[in-house]
Amino acid sequence: VSEGAKSDGANPSPGARTRRGAGSVVISGASVVSAFGRGVDALLCATLDGRSAFQPVRRFDVSGRRVGSAATMPGSPVLVDELVRVIGEACDEAGLSAAQRADCPLFLAVHGDPAVARASADAHRSELNELRELSDGTVKRELGVGAFANVIAHGSGLSNSARAYTSACVAASTAVADAAAMIARGHATRVVVAAGYLVEADQFALFDAGRALAVDGQVRPFSAKRTGLLLGDGVCAVVVESASACGERGASPLVRIAGWGRAGDAYHVCQPRPDGAGLARAITAALHRASIRPDEVGYVNAHGSGTKQSDVAEAAAIHRALGDSAATVPVSSTKSVHGQALEAGALLELIVTLSALRAGKLPVNAGYLGPDEDCRLHLILDQSVQATAGYALSLNVAFGGANTALLVGAP
Amino acid sequence: MTSIIDTVSTIDTASMTDTASLADAAGASGLAVAAAASWPESEEDDVAPSPAGFVVSSFSPVIAAVADRCLGRRISAGEPVTAVILVSSLGDVVSAVHVARAVDDGKRVLPLLFFQSVPNAVAGHVAAKWRLTGPVMCVGDVSDALDAAALLIEDGDADEALLVHMEQAFSEGTRDRAQAVLLQAGAQHSEGVRP
């Protein structure tokens with residue numbers, strides 16, 4: 001625990017509204033692999049160009065499905081291997097030593113333990129099961145998402161206090177918000193947040209059966225004639241730490257996590273609250289923590305799934321939270337380019353958002369066919385635009401009425 | 001390949017944290033338990049009724065039932081912002097195995113399974129029924145959930161948190177077990193938040 005953070009975390013009154021500014025939390029390393037290959041630059045370039053990666057799925061059989069497209073990288077990458085790789089790259093960029101990594105907890109956002117659904121009877125008969133994990137060998141572990149997270153932490157040289165988040169499309173943003181809050185309140189100095197989803201047959205079949213996938217093979221957020229979402233690969237990691245710890249190491253932060261907020265709709269199992277009130281409360285909480293006004297937000301990376309109801313509710317939330325600024329703040333959903341990475345989506349999009357802010361250019365809302373009067377937003381169309389303000393919001397929503405807002409700013 | 005639900009499970013539901021030890025652990029995280037419930041609590045707790053739209057698996061019905069039981073026991077005071085935190089190591093195993101089999105056998109996947117494909121779904125059911133407007137989150141471990149609850153309350157996005165721990169039983173003769181606790185800030189300040 002850093003000394004500065006210790007003094008910052010003194011005895012709030014229990015249960016009271018005790019949000020506070022969070023100028024002390026930064027991201028010092030980030031890495032990603034997506035349908036555009038390895039690295040943040042390849043992903044950022046595609047989102048700035050509005051160049052989508054959707055193509056016919058070859059990783060598994062989709063012949064019985066209504067829709068056969070997704071944004072996938074070539075071949076059949078292994079989730080464990082990709083997670084360990086991006087965590088290593090993010091820690092390298094942050095300049096963390098082996099000792100610093102060994103002290104650092106992992107917050108991992110994933111759908112669950114990928115071994116559970118097809119584990120053999122033999123594998124379940126003993127408490128420690130031999131399961132193929134890292135591609136360089138077989139390790140023994142228990143079944144369960146926490147045990148899976150521990151495998152990733154162990155393979156990455158991180159501490160043995162891994163935590164698994166499984167809350168669908170807000171899993172990763174919830175992990176980032178928890179990491180930031182812990183650091184801001186002096187409960188931790190540094191947390192690695194990682195997330196991974198690689199398009200696979202089971203979730204694809206579920207989304208196809210639920211008629212959630214875009215039948216025209218493109219994701220068109222906030223657009224007329226949008227037909228749904230498409231899945232996409234995303235495995236990514238960031239190093240979240242206190243600004244003072246980052247500075248003491250002589251490292252340069254990529255971006256500051258200026259604010260965060262989460263709130264629930266209390267509305268429905270899977271439909272968003274139409275007036276966007278829950279997401280609006282999450283946005284307002286993030287702005288409040290950063291002590292900034294709505295007109296200081298220069299970009300919104302929207303959840304923008306490309307589904308009818310969700311896009312309308314999100315547009316309502318942006319207007320509700322940002323007021324008059326909602327008409328002018330540039331908005332795009334980069335899911336139109338890289339697809340929906342489920343539990344990893346929020347971290348993938350946070351990395352796009354912070355990279356765009358650093359590049360001074362804002363990504364395109366691709367696939368746009370024309371206005372939807374229920375989604376009146378200042379969308380970035382056709383080509384990227386220059387960033388003119390220092391703060392950017394990354395929004396995410398999920399089944400169960402879960403809403404998150406992460407606010408990043410120049411360090 | 002024989003799957004998990006055909007065999008004797010290594011998941012010992014009897015060793016799962018019971019409500020009393022959950023309350024103790026909550027206290028260690030600086031939290032007070034305002035209401036608590038278990039599933040089962042009697043021989044009558046056999047099959048939990050399925051909320052509309054939930055099929056195939058007992059995972060969501062048992063969570064809904066134990067959450068209802070817990071929240072029905074709370075003493076209402078004001079309109080607190082209540083978070084919903086679900087905890088499960090294996091998640092909805094029965095649904096996951098059902099989908100995997102259908103995919104592997106080239107069979108049709110039931111459309112309704114899409115809506116229960118993530119634990120958030122039943123959290124949304126509980127939140128809507130009881131008007132819980134706080135954050136919704138799902139984690140794999142009870143101690144992580146307690147820490148998350150303490151942090152949400154300390155950080156101000158919730159006044160209290162409903163924590164539900166659910167693991168499905170697979171072997172014959174055993175039952176699904178779940179615990180629910182409504183957590184509020186305790187008398188002592190949360191010093192135990194990990195890591």
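Structure's up top.
Predicted, not measured: the structure shown is a model, and the values here were computed from it. (Residues numbered from 1 in each chain as written. Chains lettered and ligands numbered in written order. Predicted model: local features only at pLDDT ≥ 70, side-chain atom pairs only at ≥ 80, totals over all residues. Heavy atoms only, no water.)

## Focus: the overall build of chain A
So the rule is basically this: Strands are runs of DSSP state E lasting at least two residues, helices are runs of H or I lasting at least four, and both sets are numbered from the N terminus onward. For every residue, the accessible area obtained with a 1.4 Å probe (protein chains only) is divided by the maximum for its type, and the residue is called buried under 20%, exposed over 50%, and partly exposed between those limits. Contacts were defined at the residue level, with two residues in contact if any of their heavy atoms lie within 4.5 Å. For the area figures, the Shrake-Rupley method with a 1.4 Å probe applies, and any residue is considered shielded solely by the protein chains shown.
Scanning chain A from N- to C-terminus turns up 13 helices and 18 strands. Expressed as a percentage of its 411 residues, the buried residues of chain A come to 65%. Long-range contacts, defined here as pairs at least 24 residues apart, represent 79% of the contacts in chain A between residues at least 6 apart. Entry remark: accessible area of chain A is about 13,700 Å², with carbon and sulfur atoms responsible for 48%.

## A look at the packing of aromatic side chains
To keep it simple, the criterion reads: Classification of ring pairs uses Phe, Tyr and Trp, with its six-membered ring standing for Trp, and accepts pairs whose centres are within 6.5 Å; under 30 degrees between planes counts as stacked, over 60 as edge-to-face, and the remaining range as tilted.
Within the structure shown, the criterion is met by six aromatic pairs over all chains. Ring geometry for Phe107 of chain A and Tyr165 of chain A: centres 5.6 Å apart, planes at 50 degrees, overall tilted. Placement of the pair is Phe107 of chain A in strand E5 (residues 106-109) and Tyr165 of chain A in strand E8 (residues 163-165), with a sequence separation of 58 residues. Since its relative accessible area comes to 0%, Tyr165 of chain A is described here as buried. By way of ring pairs, the aromatic residues Phe207 and Phe399 of chain A together with Phe114 and Phe115 of chain B are connected into one cluster.

## A closer look at the pairing of strand E2 (residues 82-87) of chain B
Residue and element names in this part refer to chain B. Defined as follows: Each pair of strands is called paired provided DSSP finds at least two bridges between the two strands.
E2 sits mainly inside the fold: six of its six residues count as buried. Residues Thr82, Val84 and Leu86 line one face of E2 and the alternating positions Ala83, Ile85 and Val87 line the opposite face, and both faces are buried. The sheet contact formed by E2 and strand E3 (residues 136-139) spans four bridges and is parallel. Of the residues in E3, the one forming a bridge with Leu86 is Cys138.

## Overview of the side chain of Arg262 of chain A
In plain terms, the rule: For this analysis, a polar contact is any N or O atom pair within 3.5 Å, provided that within protein one partner can donate a hydrogen and the other can accept it, and provided that sequence-adjacent residues contribute only side-chain to side-chain pairs.
With respect to the helices and strands, the residue Arg262 of chain A is situated in strand E11 (residues 255-264). Taking the relative accessible area as the measure of exposure, Arg262 of chain A reaches 5% and is therefore buried. Polar contacts involving the side chain of Arg262 of chain A include one to the side chain of Asp178 of chain A, which spans 2.5 Å. Discounting chain neighbours no more than four positions away, the residues touching Arg262 of chain A are Thr174, Ala177, Asp178, Ala282, Asn403 and Thr404 of chain A together with Pro135, Leu152 and Asp157 of chain B.

## Some thoughts on the packing of helix H8 (residues 201-209) of chain A against helix H3 (residues 93-104) of chain B
Applied cut-off: Fitted lines through C-alpha atoms give the axes, limited to the stretch in contact for helices. The angle between two N-to-C directions lies from 0 to 180 degrees. Should an angle fall under 35 degrees it is taken as roughly parallel, and over 145 as roughly antiparallel, whereas 65 to 115 is taken as roughly perpendicular and any remaining angle as oblique. Any residue that is not Ala, Val, Leu, Ile, Met, Phe, Trp, Tyr, Cys, Pro, Asp, Glu, Lys or Arg is counted as polar, Gly included; the first ten are nonpolar and the last four charged.
Relative orientation of the contacting elements H8 of chain A and H3 of chain B amounts to 90 degrees, with a least axis distance of 9 Å. Here H3 of chain B runs roughly perpendicular to H8 of chain A, going by the angle between their axes. Contact residues: H8 of chain A offers Ala201, Asp202, Ala205 and Leu206 of chain A, while H3 of chain B offers Val99, Ala100 and Val103 of chain B. Residues that form the contact of H8 of chain A with H3 of chain B fall into these classes: six nonpolar, no polar and one charged.

## Topic: the pairing of E5 of chain A
Residues and elements named next belong to chain A. Burial along E5 is two-sided: Leu106 and Leu108 facing one way and Phe107 and Ala109 facing the other are all buried. With three bridges connecting them, E5 and E8 associate as parallel partners. Of the residues in E8, the one forming a bridge with Leu108 is Ala164.

## Digging into the nonpolar core
Operational definition: By nonpolar core is meant a set of buried Ala, Val, Leu, Ile, Met, Phe, Trp, Tyr and Cys residues that side-chain atoms within 4.5 Å join together.
Core analysis: the largest hydrophobic core is formed by 143 residues, its most contacted members being Ile27, Val193, Phe204, Leu231, Val240 and Leu347 of chain A together with Leu162 of chain B. Tallying contributions element by element places helix H7 (residues 171-184) of chain A first for this core, with 11 residues. Other than its neighbours up to four places away in sequence, Val193 of chain A contacts Phe107, Ala172, Ala175, Val176, Ala179, Cys236, Ala237, Val238, Val240 and Leu347 of chain A. Counting 31 residues, the second largest nonpolar core, distinct from the first, contains Ala282, Ile283, Val300 and Cys375 of chain A.

## Examining the side chain of Thr19 of chain B
All names here are of chain B. Along the polypeptide, Thr19 turns up in helix H1 (residues 19-28). When its relative accessible area of 16% is taken as the criterion, Thr19 is described as buried. One polar contact links Thr19 to Ser38, side chain to side chain, over a distance of 2.6 Å. The residues contacting Thr19, other than those within four sequence positions of it, are Ala36, Ala37, Ser38, Gln179 and Val181.

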